[in-house]
Amino acid sequence: MNSWRAGLWVMLLPYLLGTLVLVGLPALMSVVLAFTTYDALTPPVYVGFANFRILAADPIVGQALANSLFFILLAVPLRIAGALGLALLLFRPRRGGGAYRAAVYVPTVIPEVAFAFIWLWVFNPVFGPVNVALEALGLPTPGWLADADTARFPFVVMAAFVIGEGFVVLLAALRGLSQEIFDAGAVDGAGRWAAFRYLMFPLLLPWLALLSARDVVLSFQWTFTPSFVMTGGDPYYATMFLPLLTYEEAFDRFRFGAGSALMLLTFLLSVAIIGGIYLLFRRRGYVADV
């Protein structure tokens, strides 16, 4: 047994060292830089919480925070609901089911830049398919990415299509449920809706809690490439999300201290949202197995 454990640690050691060197140490250095002023040309100077006070007084930071929260509050529930709905539809064997499941997963593996350019064309206000279809139906054709009032919605729609990983997880969860439970429910007179509401959905809640926490973290990161490629944060900072603002602070303005402080705030916000999700599900007893 001891030799088996030693062999396991030997196999894990390269991964652990890589994680420490490539993730752990840079993260620690970023936290330290958050309390300094640093431009990559001169040594960092400790300034305490000055960076955080500057960020708190910056209206662009407030706008980026509002944009990111808007995206999280809409995109995460849509992604979870979409993954769950498609998993329920496709988890049973059916003709052509493999092709349908592959089609759901394909958007997840498209390179992010290519995916952004596809949607930049889709939401083009002049010749994009969305406005062409709306015009054919006699409906208003919004400016989408060119209009500050509508520019954030295309990002939510885009994110709703990138659900492949959550879809696969929920497929596995559904196939792991015991059929005996549903057979017993059918004997007691439970129809499809009752079986889903009182049997299947509660059993899936630990998985949904896990995916919700994961999607919060990924959604914060995911906004960077689309906003950088499609809008650059415009119009009027309507699509300026926290990751893009962090990049601009650090690599456009060479304010690495402020950029690190903004990154730390994003991390703490993610932790707060995930903590809220955990407490919400824990009160209902649905996170014991996650």
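For the structure itself, consult the block above.
Since this is a predicted model, take the numbers as computed values, not measurements.

**With respect to the overall build of the protein chain**
- When helices and strands are tallied, the protein chain shows 13 helices and two strands.
- With the C-alpha coordinates aligned to their principal axes, the bounding extent of the protein chain is approximately 75 × 70 × 35 Å.
- Every one of the 290 residues in the protein chain was classed for burial, and the buried ones make up 36%.
- Pairs at least 24 residues apart make up 67% of the contacts formed inside the protein chain by residues separated by at least 6 positions.
- Looking at the protein chain as shown, the accessible area adds up to about 17,000 Å², and 70% of this sits on carbon and sulfur atoms.
- Of the charged side chains in the protein chain, 17 are positive and 16 negative; the average position of the first set lies 11 Å away from that of the second.

**What to know about the side chain of S219**
- Positionally, S219 belongs in helix α10 (residues 192-222).
- Take S219: its relative accessible area is 2%, and that puts it in the buried class.
- Engagement of the side chain of S219 in a polar contact is seen with the backbone oxygen of D215, the distance being 2.6 Å.
- Not counting residues up to four positions away in its chain, the partners in contact with S219 are F71, I72, V76 and R79.

**Remarks on the environment of R282**
- In this structure, R282 sits in helix α13 (residues 256-282).
- Judged by relative accessible area, R282 falls into the exposed class, the value being 53%.
- In this structure the C-alpha to C-alpha distance between R282 and A209, which are 73 residues apart in sequence, comes to 9.5 Å.

**Looking at unusual backbone geometry**
- Of note, the bond from D234 into P235 is cis; its omega dihedral lies within 30 degrees of zero at -5 degrees.
- Mapped onto the elements, P235 comes out in the loop between α11 (224-231) and α12 (242-252).
- With a phi close to 70 degrees, A40 is a non-glycine residue in the positive phi region.
- Here A40 falls in the partly exposed class, since its relative accessible area comes to 39%.
- For Y236, which is not glycine, the phi dihedral falls at a positive 55 degrees.
- Within the secondary structure, Y236 is located in the loop between α11 and α12.

**Some words on the pattern of salt bridges**
- Per the counting criterion, the structure on display carries six salt bridges.
- Among the salt bridges present, the one from E249 reaches R255, with a minimum N-O distance of 3.3 Å.
- By relative accessible area, E249 is classed as buried at 2%.
- The exposure class of R255 is partly exposed, given its relative accessible area of 34%.
- Bridged by salt links that share partners, the residues R79, E165, R214 and D215 form one connected network.

**Overview of the packing of α11 against α12**
- Two elements in contact, α11 and α12, have axes whose closest approach is 8 Å; the angle formed by their N-to-C orientations is 70 degrees. With respect to α12, the element α11 is oriented roughly perpendicular. Where α11 approaches α12, its residues F224, S227 and F228 are matched on the opposing element by P243, L244 and Y247.

**Regarding α11**
- Among the residues making up α11, those that are buried are T225, P226, S227, M230 and T231.
- Looking one or two residues past α11, G232 carries a phi angle of roughly 65 degrees, positive in sign.

**Details of the packing of aromatic side chains**
- According to the stated counting rule, one finds 20 aromatic pairs in the structure shown.
- Grouped by ring-pair contacts, the aromatic residues Y38, F224, F228, Y247, F251, F254 and F256 constitute a single cluster.

**Considerations on a nonpolar patch on the surface**
- Residues L13, L17, L20, V21, L22, V23, L25, L28 and V32 make up a contiguous nonpolar surface patch of about 860 Å² in total accessible area.
- The residue V21 is located in helix α1 (residues 2-33) in this model.

**A look at the side chain of N51**
- The topology assignment puts N51 in helix α2 (residues 50-57).
- One polar contact links the side chain of N51 to the main-chain carbonyl oxygen of A34, over a distance of 3.0 Å.
- Excluding its chain neighbours within four sequence positions, the residues that come into contact with N51 are L33, A34, F35, T36, G257, A258 and A261.

Cut-offs and rules
- The numbering scheme is per chain: residues are counted from 1 as the chain's sequence reads.
- Totals for whole chains, interfaces and linings use every residue, but because this is a predicted model, local features are given only for residues with pLDDT of at least 70 and side-chain atom pairs only at 80 or more, for both listing and counting.
- Note: side-chain values were computed over all heavy atoms of the structure, leaving out hydrogens and water.
- A run of H or I in DSSP becomes a helix once it reaches four residues, and a run of E becomes a strand once it reaches two; helices and strands are each numbered from the N terminus.
- For every residue, the accessible area (1.4 Å probe, protein chains only) is compared with the maximum for its type, and the residue is labelled buried under 20%, exposed over 50%, or partly exposed between those bounds.
- Should any heavy atoms of two residues lie within 4.5 Å, those residues are considered in contact.
- The Shrake-Rupley method, run with a 1.4 Å probe sphere, supplies the accessible areas, and residue values consider only the shown protein chains as cover.
- This count recognises Lys and Arg as positive and Asp and Glu as negative, with His and chain-terminal groups excluded.
- Where a charge lies is defined by one atom per residue type, namely NZ (Lys), CZ (Arg), CG (Asp) and CD (Glu).
- Definition of a polar contact: a pair of N or O atoms within 3.5 Å, with one able to donate and the other able to accept a hydrogen when the atoms are protein atoms, and with sequence-neighbouring residues admitted only if both atoms are side-chain atoms.
- By salt bridge we mean one thing: a side-chain nitrogen of Lys or Arg within 4 Å of a carboxyl oxygen of Asp or Glu.
- Working convention: axes come from line fits to C-alpha atoms, limited for helices to the stretch in contact. Angles between N-to-C directions cover 0 to 180 degrees.
- Just so you know how the angles are binned, under 35 degrees is roughly parallel, over 145 roughly antiparallel, 65 to 115 roughly perpendicular, and the rest oblique.
- Each Phe, Tyr or Trp ring, with Trp reduced to its six-membered ring, pairs with another whose centre is within 6.5 Å; inter-plane angles below 30 degrees give stacked pairs, above 60 give edge-to-face pairs, and intermediate values give tilted ones.
- Surface patches are defined over residues having more than 30% relative accessible area and no salt bridge, joining like charges when they lie within 9 Å and nonpolar side chains (Val, Leu, Ile, Met, Phe, Trp, Tyr) when within 5 Å.

These values are about where atoms sit, not about what they do.
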